[in-house]
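Here are the chains, one letter per residue:
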Amino acid sequence: MRFSVAMPEDLLVRFDRLVARRGLAKNRSEVVRDLVRDALVEDDCATPGAEVVGTLTIVFDHHASDLQEKLHSIQHDYCEFIVSSLHVHLDQHMCLEVIVLRGETGLVQDIANLILGTKGVQNGRLVVTTTGHLA
Ligand code: NI
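In this text, all values refer to a predicted model and were calculated from it rather than measured experimentally.

### Things to note about the side chain of Thr 118
Okay, so step 1: Mapping Thr 118 onto the fold places it in the loop between α4 (105–116) and β4 (121–130).
Okay, so step 2: Taking the relative accessible area as the measure of exposure, Thr 118 reaches 9% and is therefore buried.
Okay, so step 3: Leave out the neighbours within four places in its chain, and Thr 118 touches Leu 67, Lys 70, Leu 71 and Ile 74.

So, in structure tokens, the structure goes:
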């Protein structure tokens, strides 16, 4: 189905730069479809009850008092929603952890907030997406 849309010139110029950055394999129409799918995924993920998968990336100092133990304990408490985790030792002090979660969107965000709110976690971010069943 064709769908045309009027767009201000300056917006189109900037959009074409984005299309160019995505490489030769993508044209305007394909990038527009990607953006629409992104918006639909975001909307789906915000719908209570939706099943989502999320990656939570955190950075912390492993010397911080009993932090590793707390993080470990949370992950055991919610092990049925934690698919996997990856630990990278960044230097003598700092660690990066990527935790993959799967479950109802509100629960995934609650678990992420519990981890992000643990004293000693310096920064982090949860990225959620759907389980891929979007047309
Ligand atoms: Ni480490």
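Now that the structure has been shown, we can carry on.
### Some thoughts on the side chain of Asp 34
Okay, so step 1: Assignment of secondary structure puts Asp 34 in helix α2 (residues 28–45).
Okay, so step 2: Setting aside chain neighbours within four positions, we find Asp 34 in contact with Arg 22 and Lys 26.

### Digging into the pattern of salt bridges
Okay, so step 1: For the coordinates displayed, the defined rule picks out six salt bridges.
Okay, so step 2: For Asp 16, the salt bridge identified is with Arg 28, shortest N-O distance 2.8 Å. Linking Asp 16 in helix α1 (residues 9–21) with Arg 28 in helix α2, this pair joins segments that are 12 residues apart in sequence.
Okay, so step 3: Measuring nitrogen to oxygen at the nearest pair gives 2.7 Å for the salt bridge that ties Lys 26 to Asp 34.
Okay, so step 4: Using a relative accessible area of 32% as the deciding quantity, one classes Lys 26 as partly exposed.
Okay, so step 5: Judged by its relative accessible area of 13%, Asp 34 falls in the buried class.
Okay, so step 6: What emerges from the salt-bridge pattern is a single network uniting Arg 22, Lys 26, Asp 34 and Arg 37.

Calculation rules
- Residues numbered from 1 in each chain as written.
- Predicted model: local features only at pLDDT ≥ 70, side-chain atom pairs only at ≥ 80, totals over all residues.
- Heavy atoms only, no water.
- Helix = DSSP H or I, 4+ residues; strand = E, 2+ residues; numbered from the N terminus.
- Buried < 20%, exposed > 50% of the residue type's maximum accessible area, 1.4 Å probe, protein only.
- Contact = heavy atoms within 4.5 Å.
- Salt bridge = Lys/Arg side-chain N within 4 Å of Asp/Glu carboxyl O.

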